[in-house]
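Single-letter residue listing:
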Amino acid sequence: MNINNIFQKIIKKKIPSEIVYQNKKITAFKDISPKAPIHILIVPNKFIKNLNYINKKNICILSEMLYTSIKIAKKKKIHKSGYRIIINCNKNGCQKIPYLHIHLIGGKKLNNF
Ligand code: AMP
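(A) Fine view of the environment of Glu18. Relative to the helices and strands, Glu18 is located in the loop between α1 (6-11) and β1 (19-22). Dropping the residues within four chain positions of it, Glu18 is found in contact with Ala28, Phe29 and Lys30.

Structure below.
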């Protein structure tokens, strides 16, 4: 499958996924290869390739994505034990899917880095 539009297909429900939250601007779904008991990806419904494509016009989407991540952490009851939020960017940041996404990871003690 073409990885360039895999998240677009998930958002439009053209391929199966476990969507945990969706509104007009944001979709959140379970990572297919979870690194912890809770591993959810939060994406904008409108395509943005990565953090380098954030500008004055679309910056608000980042706070929407972050706020959604915090709400999901609370809903999953990992907010008190703690969690990590990651956004990978490009090659050195190990971004594999060229579609802006937040990783929300928790449910166990994570390694230091
Ligand atoms: P990144 O390395 O930051 O680009 O992360 C991409 C993430 O997308 C990885 O954690 C993958 O496990 C995840 N992923 C890839 N394909 C799917 C899929 N079809 N459904 C859910 N998560 C996926």
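(B) Examining the site of the ligand more closely. Residues in close proximity to the ligand total 17 residues, the closest being Asp31, Asn88, Lys96, His101 and His103. Asn88 places a side-chain nitrogen or oxygen 2.8 Å from an oxygen atom of the ligand. Between the ligand and the protein, one listed contact pairs an oxygen atom with a side-chain N or O atom of His101 at 2.8 Å. For the ligand, the protein covers 89% of the area, taking 510 Å² as the surface of the free molecule. Secondary-structure elements contributing two or more residues to the shell around the ligand are α1 and β2 (26-30). For the shell around the ligand, a count of residues per class yields 8 nonpolar, 5 polar and 4 charged.

Thresholds applied
Residues numbered from 1 in each chain as written. Predicted model: local features only at pLDDT ≥ 70, side-chain atom pairs only at ≥ 80, totals over all residues. Heavy atoms only, no water. Helix = DSSP H or I, 4+ residues; strand = E, 2+ residues; numbered from the N terminus. Contact = heavy atoms within 4.5 Å. Near = heavy atom within 4 Å. Polar contact = N/O pair within 3.5 Å; in protein donor to acceptor, adjacent residues only side chain to side chain. Areas by Shrake-Rupley, 256 points an atom, 1.4 Å probe, with all protein chains shown as cover. Nonpolar A, V, L, I, M, F, W, Y, C, P; charged D, E, K, R; others polar.

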